[in-house]
Amino acid sequence: MHAPVQRVVSGIQPTGNLHLGNYLGAIRQWTALQDGMAAGDECLFFLADLHALTVAIDPKVLAGNTVEMAAVLIASGIDPDRSILFNQARVTAHSELAWILNGTARVGWLNRMTQWKDKAGKNREGASVGLFAYPVLQAADVLLYNATHVPVGEDQKQHLELARDIATKFNGDFGVDLFTLPAPLVSKAAPRIMSLRDGSAKMSKSDPSDASRINLIDGDDVIVQKLKKAKSDAELLPETADGLADRPEARNLVTIYAALADSSTDAVLGEFAGKGFGAFKPALADLAVATLGPIRDRMLRLLDDRVAVARTLERGAERARALAAPTLHAAQMAVGLQV
């Protein structure tokens, strides 16, 4: 049942109003994974719409966000012919395997999940069962395809360990060699992009100030104006990153430039050391427009035909269902659901 090749599986919740932080923090990482895969390797990228049900949602918004997120991914370089791109709900094996694995996962394991504690806060009794158990669905997401590698950030390492624990216990409990133990895939560290108005706060779609972020839908002139007005300071740029330690807004703008240029902070400072933000911001704006403008334009063209985007997701789901079916059947056999 094990995948004969390196198989990378990763998901992202379909949220609206995507911004620069989303692109640099996750989306661009996916395109790099796809482009770096060797012949015979596989990437499965899915929109985690089932995970979105763990909190209050507007059904129409969720459906729209799913199509829009798919358009963003394709516009950013995810090739549906080279990678398998789909939304989770179209592959019912995710839900079916998650229920089977609920019989293997332990309440004590889930109680120790840091994100459960953080997201539920003090109102754990009022949180949904889905919010408590969604790490089991995450485990099903990757075990279903016998993923060999899963891209993880610091906040998801614990959940990948849970998936490995569930796989090990299931294999042992039922005497099967079914699930591959997925390994973490640590790629180039994603930059932490902060608000353009407050260098101590993460860039967020929930910030009431639209000037705090660069939305992927923003026009070129809007991008230029937001960066022109971005909070900075009056000091000149230093020669090394150490000189930005106590300058959060300056550090954020240099981080954005380095990320967009696929360079290092020190390399950027080597170019701009001794210059002020009157010189740096226009250069940053030009780079941002050159990088994000084509993505925005491709995304808008794709969204002119949302039905076509939905068909692309369905084609990906067909491929995903074919990969998932043998694993689900074997799991059902193992627990006695198939005779």
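In what follows, the structure referred to is the one given above.
Everything numeric in this text was worked out from a predicted model, so none of it was measured.

Participant: Is there a simple way to think about the overall build of the protein in this case?
Facilitator: Helix and strand content of the protein: 12 helices and five strands. For 339 residues, the compact-globule estimate of 2.2 N^0.38 gives 20 Å, and the C-alpha radius of gyration of the protein, at 22 Å, lies within 12% of that figure. The principal-axis extent of the C-alpha atoms belonging to the protein is close to 70 × 45 × 40 Å. Looking at the 339 residues of the protein, the share that counts as buried comes to 47%.

Participant: I keep staring at helix 7 (residues 157–174) and nothing clicks. Help me out?
Facilitator: Because an α-helix completes one turn every 3.6 residues, residues spaced three or four positions apart along the sequence face the same direction. With 18 residues, helix 7 extends 26 Å between its outermost C-alpha atoms, agreeing within 8% with the 26 Å of an ideal straight helix rising 1.5 Å per residue. Inspection of helix 7 places His 159, Leu 160, Leu 162, Ala 163, Ile 166, Ala 167, Phe 170 and Asn 171 among the buried residues, and these make up the whole buried set. Within helix 7, the buried residues cover an arc of 165° as seen down the axis, which keeps them to one side. Positioned one or two residues after helix 7, Gly 175 has a phi angle of 60°, which is positive.

Participant: Which parts of the structure should I look at to understand a nonpolar patch on the surface?
Facilitator: On the surface, Leu 53, Val 55 and Ile 57 cluster together into a nonpolar patch covering about 250 Å² of accessible area. Relative to the assigned elements, Leu 53 resides in the loop between strand 2 (42–47) and helix 2 (59–75).

Participant: Quick question: what am I supposed to make of a positive patch on the surface here?
Facilitator: Together, Arg 197, Lys 228, Lys 229 and Lys 231 make up a region of like positive charge exposed at the surface. Counting through the fold element by element, Arg 197 comes out in the loop between strand 5 (183–185) and helix 8 (220–229).

Participant: In this structure, what is going on with unusual backbone geometry? I would like to understand it.
Facilitator: Of all residues except glycine, most have a negative phi; of all peptide bonds, most are trans. The backbone of Asn 146 sits at a positive phi, close to 45°, despite the residue not being glycine. By the secondary structure assignment, Asn 146 is in the loop between helix 6 (129–143) and strand 4 (149–151). The exposure class of Asn 146 is buried, given its relative accessible area of 1%. Phi is positive for Asp 262, close to 50°, though the residue is something other than glycine. Along the chain, Asp 262 falls in the loop between helix 9 (248–260) and helix 10 (265–272).

Participant: What am I meant to see in the side chain of Asp 49 here?
Facilitator: Along the chain, the position of Asp 49 falls in the loop between strand 2 and helix 2. Buried and without a salt bridge, Asp 49 has Arg 90 as its closest oppositely charged side chain, separated by 6.5 Å. A distance of 3.4 Å separates a polar atom in the side chain of Asp 49 from the backbone nitrogen of Gln 88. Here Asp 49 is in contact with Pro 14, Leu 62, Thr 66, Asn 87, Gln 88 and Ala 89, once residues within four sequence places are set aside.

Participant: Is there a simple way to think about helix 6 in this case?
Facilitator: For helix 6, built from 15 residues, the straight-helix expectation of 21 Å at 1.5 Å per residue is met to within 8% by its first-to-last C-alpha distance of 21 Å. A bend of about 40° at Pro 135 is the largest found in helix 6. Among the 15 residues in helix 6, 13 count as buried, and that is most of the element.

Participant: Sorry, what's going on with the packing of helix 2 against helix 11 (residues 277–303) here?
Facilitator: Packed helices, taken two at a time, are described by their axes: the angle between them and the distance between them. At a minimum axis separation of 8 Å, helix 2 and helix 11 run at an interaxial angle of 135°. Put simply, helix 2 runs oblique to helix 11. Crossing of helix 2 over helix 11 shows right-handed handedness. In contact with Val 67, Glu 68, Ala 71, Val 72, Ile 74 and Ala 75 of helix 2, helix 11 contributes Ile 295, Arg 298, Met 299, Leu 302 and Leu 303. Partitioned by chemical class, the residues of the contact of helix 2 with helix 11 number nine nonpolar, no polar and two charged.

Participant: So what exactly am I meant to see when it comes to the packing of aromatic side chains here?
Facilitator: Each aromatic ring pair is specified by the distance between its two centres and by the angle formed by the two planes. Tallying each qualifying case throughout the model produces 10 aromatic pairs. Here Phe 170 and Phe 174 contribute two aromatic rings whose centre-to-centre distance is 4.8 Å and whose plane-to-plane angle is 45°, an arrangement assigned as tilted. One end of the pair, Phe 170, and the other, Phe 174, are both in helix 7, four residues apart, so they sit about a helical turn from each other. You can call Phe 170 buried: its relative accessible area is 0%.

Participant: I would appreciate a short explanation of the environment of Ala 324 in the present structure.
Facilitator: Considering the arrangement of structural elements, one finds Ala 324 in helix 12 (residues 306–335). Taking the C-alpha atoms as reference, Ala 324 lies 8.3 Å from Val 91; in sequence the two are 233 residues apart. Look past the residues within four positions of Ala 324 in its chain and what remains in contact with it is Val 91, Ala 93, Leu 144 and Tyr 145.

Participant: I keep staring at the pairing of strand 2 and nothing clicks. Help me out?
Facilitator: Regular strands place side chains that alternate from one sheet face to the opposite one. Buried residues dominate strand 2, accounting for five of its six residues. Pairing between strand 1 (residues 7–12) and strand 2: six bridges, direction parallel. Its bridge partner lying in strand 2, Ile 12 is registered against Leu 47. Traced from strand 1 through helix 1 (residues 20–36) to strand 2, the parallel crossover comes out right-handed. Pairing analysis gives four bridges linking strand 2 to strand 3 (residues 84–87), with the strands arranged parallel. Among the inter-strand pairings, Leu 44 is bridged to a residue of strand 3, identified as Ile 84. Where the polypeptide runs from strand 2 across helix 2 and back to strand 3, its parallel neighbour, the crossover connection is right-handed.

Participant: Help me understand the pattern of salt bridges, please; the structure alone is not making it clear to me.
Facilitator: For side chains bearing opposite charge, pairing can occur when the charged atoms are close. One pass over the full model with this rule turns up 13 salt bridges. Where Glu 314 meets Arg 90, a salt bridge forms, and the shortest distance between an N and an O atom there is 3.0 Å. On the criterion of sequence distance, the pair formed by Glu 314 in helix 12 and Arg 90 in the loop between strand 3 and helix 3 (93–102) is long-range, its members being 224 residues apart. For Arg 90, a relative accessible area of 27% puts it in the partly exposed group. Within this structure, Asp 210, Arg 213, Asp 218 and Lys 226 form a network of salt bridges that share partners.

Analysis parameters
- Residues numbered from 1 in each chain as written.
- Predicted model: local features only at pLDDT ≥ 70, side-chain atom pairs only at ≥ 80, totals over all residues.
- Heavy atoms only, no water.
- Helix = DSSP H or I, 4+ residues; strand = E, 2+ residues; numbered from the N terminus.
- Rg over C-alpha atoms; globule rule 2.2 N^0.38 Å.
- Buried < 20%, exposed > 50% of the residue type's maximum accessible area, 1.4 Å probe, protein only.
- Expected span 1.5 Å × (residues − 1).
- Arc of directions from axis to C-beta.
- Patch = residues over 30% accessible without salt bridge, like charges linked within 9 Å, V, L, I, M, F, W, Y side chains within 5 Å.
- Areas by Shrake-Rupley, 256 points an atom, 1.4 Å probe, with all protein chains shown as cover.
- Salt bridge = Lys/Arg side-chain N within 4 Å of Asp/Glu carboxyl O.
- Lys, Arg positive; Asp, Glu negative; His and termini not counted.
- Charge placed at Lys NZ, Arg CZ, Asp CG, Glu CD.
- Polar contact = N/O pair within 3.5 Å; in protein donor to acceptor, adjacent residues only side chain to side chain.
- Contact = heavy atoms within 4.5 Å.
- Bend = angle between axes of the 7 residues up to and from the residue.
- Axes fitted to C-alpha atoms, helices over the stretch in contact; angles between N-to-C directions.
- Parallel < 35°, antiparallel > 145°, perpendicular 65-115°, else oblique.
- Left-handed = near helix turned anticlockwise from the far one by under 90°.
- Nonpolar A, V, L, I, M, F, W, Y, C, P; charged D, E, K, R; others polar.
- Phe/Tyr/Trp six-rings, centres within 6.5 Å; stacked < 30°, edge-to-face > 60°.
- Pairing = 2+ DSSP bridges.
- Right-handed = clockwise from strand over helix to strand, strands pointing away.

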